[in-house]
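Examination of the molecular architecture
Okay, here's what each chain looks like letter by letter:
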Amino acid sequence: MSFQVIAHRGASGYAPENTAAAFRAALTLGADAIETDLRLSKDGRIVLMHDATVDRTTDGSGRVEELTAAELKSLDAGAWFDPAYRGERVLFLEEALALVDRRVPLVLEIKESARVPHLLSELKPALRRTSSSVVISSFAQQTLLLAREHLPSLPLAWLIPRGRFTAAEAIAQARPLGVQQLCPHALEVDAQWVRTAQEAGYAVRAWGIPGHSPAEMVRAMRHLVRCGASGATADFPDVLRSVVTLSANLPAG
């Protein structure tokens with residue numbers, strides 16, 4: 001069975017998310033792809049940051065959009081996770097592209113909301129300078145429409161908000177977007193959902209594997225593999241790889 005193991009914000013279970021350390025860990029652990037988040041600094045640089053503020057994942061405070069690239073680069077982005085990562089810095093897109101250097105595809109989730117056209121205009125030349133395979137993803141349908149307009153050659157993935165969309169509802173909303181992947185929450189799909197989406201021509205890549213309990217995490221991973229999903233993002237990509245490898249030999253249930 002082909003199942004894409006995607007390191008979520010890098011291997012964020014092992015290293016501070018969206019940093020070079022997390023990316024290196026993902027590569028070391030053999031992830032098939034790396035997912036990360038894109039926002040814009042005050043001066044228009046593309047920065048890898050999930051939250052709208054830097055408060056949770058750095059020693060600084062404030063909104064990403066109100067901080068310059070130099071201010072963002074001065075922050076410690078590692079010590080919050082573990083003192084061993086003290087001195088780890090915020091990562092910018094061009095640094096991530098150079099680090100990955102074509103070794104695995106990148107899934108770029110656009111978190112920016114107010115300046116999406118600006119982000120896409122900055123993204124276009126950055127991607128021309130790399131031969132890395134890239135997928136653009138977003139929860140926001142308008143963002144995906146803009147991405148299709150600005151970057152028509154790139155595959156798109158719709159991150160489906162939680163709320164138990166039926167497959168038919170998801171497909172109906174996805175059609176006008178021109179996406180190739182549907183990305184439901186890991187706990188809100190079953191085999192019929194996946195089969196319906198795949199028969200309509202979509203790959204199904206899940207997000208939201210729970211990480212607060214090892215047993216629940218493994219159960220969710222096993223569930224996705226058995227449902228026939230095409231892949232999933234995971235904080236612990238090595239665990240997901242093990243589940244994928246072992247699931248074919250485990251009894252149903």
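Here is a short report on the structure shown in this document.

Conventions used here
- Residues numbered from 1 in each chain as written.
- Predicted model: local features only at pLDDT ≥ 70, side-chain atom pairs only at ≥ 80, totals over all residues.
- Heavy atoms only, no water.
- Salt bridge = Lys/Arg side-chain N within 4 Å of Asp/Glu carboxyl O.
- Buried < 20%, exposed > 50% of the residue type's maximum accessible area, 1.4 Å probe, protein only.
- Helix = DSSP H or I, 4+ residues; strand = E, 2+ residues; numbered from the N terminus.
- Pairing = 2+ DSSP bridges.
- Core = buried A, V, L, I, M, F, W, Y, C linked by side-chain atoms within 4.5 Å.
- Expected span 1.5 Å × (residues − 1).
- Arc of directions from axis to C-beta.
- Contact = heavy atoms within 4.5 Å.
- Polar contact = N/O pair within 3.5 Å; in protein donor to acceptor, adjacent residues only side chain to side chain.
- Axes fitted to C-alpha atoms, helices over the stretch in contact; angles between N-to-C directions.
- Parallel < 35°, antiparallel > 145°, perpendicular 65-115°, else oblique.
- Left-handed = near helix turned anticlockwise from the far one by under 90°.
- Nonpolar A, V, L, I, M, F, W, Y, C, P; charged D, E, K, R; others polar.

Re the pattern of salt bridges
Per the stated rule, a full pass over the model turns up twelve salt bridges. One salt bridge in this structure joins R102 and D101, with 3.0 Å as the shortest N-O distance. Among the residues examined, R102 registers a relative accessible area of 52% and is labelled exposed. Through salt bridges with shared partners, one network takes in R9, E17, D37, D51 and R56.

A word on the pairing of strand β9 (residues 231-234)
In the case of a regular strand, side chains alternate between the two sheet surfaces. Residues G231 and T233 point to one face of β9 and A232 and A234 to the other, with burial holding for every one of them. Sheet topology places strand β1 (residues 4-8) next to β9; four bridges connect them, and they run parallel. Opposite V5, over in β9, you have A232 as the bridge partner. Pairing analysis gives two bridges linking strand β8 (residues 203-206) to β9, with the strands arranged parallel.

Some words on the nonpolar core
L123 and L182 are the most contacted members of the largest nonpolar core, which has 68 residues in total. Counting eleven residues, the second-largest nonpolar core is a separate cluster that includes V54, V64, L67 and L72.

Examining unusual backbone geometry
The residue R9 is not glycine, and still its phi comes out positive at about 55°. Note on placement: R9 falls in the loop between β1 and α1 (20-28). On the basis of relative accessible area, R9 is assigned to the buried category, the value being 13%.

Structural notes on helix α4 (residues 116-128)
If you check α4, its first and last C-alpha atoms are 18 Å apart, about what 13 residues at 1.5 Å a residue would give, namely 18 Å. V116, L119, L120, L123, A126 and L127 are the residues of α4 that are buried. Down the axis of α4, the sector holding all buried residues measures 125°, keeping them to one side. Buried positions along α4 lie against β2 (33-40), β3 (46-48), α3 (93-100), β4 (106-110), β5 (134-138) and α5 (141-150).

Observations concerning the side chain of T19
You can see T19 is positioned in the loop between β1 and α1. A polar atom in the side chain of T19 sits 2.6 Å from the backbone oxygen of P16. Those residues in contact with T19 that lie beyond four places of it in its chain are A77, E88, R89 and L91.

Overview of helix α7 (residues 191-199)
Residues of α7 that are buried include every one of W193, V194 and A197, and no others. Projected down its long axis, α7 shows its buried positions confined to an angular sector of 95°, all on one face. On its buried side, α7 packs onto α6 (167-174), β7 (181-183), β8 and α8 (214-227). Sitting at the amino-terminal end of α7 is D190, which places a side-chain oxygen 3.2 Å from the backbone nitrogen of Q192. Directly beyond the C-terminal end of α7, a positive phi value near 100° is found at G201.

Considering the packing of α6 against α7
Look at α6 against α7: their axes get within 9 Å of each other, and the N-to-C directions meet at 30°. Viewed along their axes, α6 and α7 adopt a mutual orientation that is roughly parallel. When you trace α6 past α7, the crossing you get is right-handed. Packed against α6, whose contacting residues are A167, A170 and I171, the element α7 presents W193, T196 and A197 at the interface. When the residues that make up the contact of α6 with α7 are grouped by side-chain class, the tally is five nonpolar, one polar and no charged.

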